[in-house]
Each structure stands twice: as C-alpha cells, then as structure tokens.
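Single-letter residue listing:
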Amino acid sequence: MNRAGMTAPVTNLRTLMRSLVANTEGEDVSVREILTAVGRRAYGPVLLLLGFVAVSPLTIVPGANWFVATLTMIFALQIMVGLKTPWLPRKLLDVRFKRELLVKSAGTGEQYAHMLDALVKPRLTFLTAAPFVQLVGMVCVLAALITYPLGLFPLGPLLPSLAVLLLGLALTARDGVVVLLAVATFSGSVVLMLKMLPKVAQLWPF
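These numbers were taken from a predicted model, which means no experiment stands behind them.

A. Expanded view of the overall build of the chain. Check the secondary structure of the chain and you find 9 helices and 2 strands. With the C-alpha coordinates of the chain rotated into their principal frame, the extents come out at 55 × 40 × 35 Å. Residues counted as buried form 47% of the 206 residues belonging to the chain. For the chain, long-range pairs separated by at least 24 residues make up 75% of all intrachain contacts whose partners lie at least 6 apart in sequence.

Next up, the structure:
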C-alpha cells in the first residue's frame, strides 16, 4: 500500500523501483520500511531489492556491500531450508539509511530497468519452484560469500550482486531463463574470485 493508498505489487525491476519511492517517506528509511515497501512476504522481490541495492550507488557507504551480502545470505538460507516467508532479526530491520540515496538510485535505475524487464516473462517456470528454488537459494548464499572478499576491491562485488538481482527477478517473474542467465553471471564471479585470490590473501584482514 503506497502513500496514496494504492496497492503497487512488485512484478519486475521497474515496479520495484517505483515501490521504493512511493512506499517510503522521510529523511531516513529503515530496512524494515524498505522491505515492507516491496513486499517482504515473498523472496523474489526481497532478493531483487537486495541485488538492486548491491549494484546501486547506495553501496558507496562503507561496509554497505558486506551488510547487503549478510542480508542476502540470511534470506537465501531460509529459501534453502524451505521457510515460507522471509525473516530478519529486529536489530537488522531497524538499521537506517538516507532515503535521498535510495530515491536517487531508484530514479537512475528506472531509466534502464525497462530494457531488462522487456526480456522477462514466465518461461521454464519449474526452475523457480521446488526443488530448483533451493538451488537458487544456494547460489545466492555462495554469491554473498564471494562478495565479502571481493568487497575489498572497487566494483569487485558487481558480478555476484548482479547474479542475486537476476535471481530475484527470475523468482519474481517466474522466468527460468533468467535463472540460467544468473547462474552464468555467478560463474563469472567465481572466475573473477579465483583470479583475485592472490590479492585477496594480501588484503584480507583475517
């Protein structure tokens, strides 16, 4: 339900961005409010949201990439174990961000979202249902894990974050072709990770 009292379900990337703007208000916005804005009862829109945030300018905030990766992993693990609706601890739900960054990112992203949305439609829908949806959750977990070391490098988390965005879009639109595209994107991030291993070993603080 947006501020005008109208329901705005998230069905693709463009409606996600419009919901983020229409269903939030104020100078700051919490994780709880952002999730509620896009519909926190379904995993598809939630993963789509996290993927979008991860590839947007919102991650210029120090540590934001790792925070989003942590949220992604929590939700993806719930997909793997078959939890029906997403859940987050209250402390994470209460984390707040500047809404101005959210609105600017949504405005910029909407200019290009229609190009991706035009390619999405229900296809190979069995890939977005059990048991394949558990594999989607596993890929998201692995993408989140890869984000931690790649987050040490500029634009390092882009490929795994894009894989999460595509998987969220696939679940939202029930498009199995996009699942396959997301897996290919994730494979690219694995290759990148392997190439970066020597530098990761030098920079990783643990």
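B. Quick peek at the nonpolar core. Counting 61 residues, the largest nonpolar core has Leu 16, Leu 20, Leu 35 and Leu 49 as its most contacted members. Sorting the residues of this core by element identifies helix 1 (13–22), helix 2 (31–38), helix 3 (43–55), helix 4 (64–81), helix 6 (99–117), helix 7 (132–150), helix 8 (158–173) and helix 9 (176–203) as the ones contributing at least two each. Excluding anything up to four places from it in sequence, Leu 20 contacts Ile 34, Val 38, Leu 49, Phe 52 and Leu 102.

C. Layout of unusual backbone geometry. In this structure, the amide linkage connecting Ala 130 to the following residue, Pro 131, adopts the cis form with an omega of 5°. Within the fold, Pro 131 resides in the loop between helix 6 and helix 7. For Leu 155, which is not glycine, the phi torsion reads 65° and is therefore positive. With respect to the helices, strands and loops of the structure, Leu 155 is situated in the loop between helix 7 and helix 8. For Arg 174, which is not glycine, the phi dihedral falls at a positive 55°. Residue placement: Arg 174 occurs in the loop between helix 8 and helix 9.

D. Region of interest: the environment of Ala 37. Within the secondary structure, Ala 37 is located in helix 2. Residue class for Ala 37 comes out buried when judged on its relative accessible area of 6%. As a C-alpha pair, Ala 37 and Pro 131 span 94 residues in sequence and 28 Å in three-dimensional space. Non-local contacts of Ala 37, meaning those with residues more than four positions away in its chain, are made with Ser 19, Asn 23 and Thr 24.

What counts, and at which threshold
Residues numbered from 1 in each chain as written. Predicted model: local features only at pLDDT ≥ 70, side-chain atom pairs only at ≥ 80, totals over all residues. Heavy atoms only, no water. Helix = DSSP H or I, 4+ residues; strand = E, 2+ residues; numbered from the N terminus. Buried < 20%, exposed > 50% of the residue type's maximum accessible area, 1.4 Å probe, protein only. Contact = heavy atoms within 4.5 Å. Core = buried A, V, L, I, M, F, W, Y, C linked by side-chain atoms within 4.5 Å.

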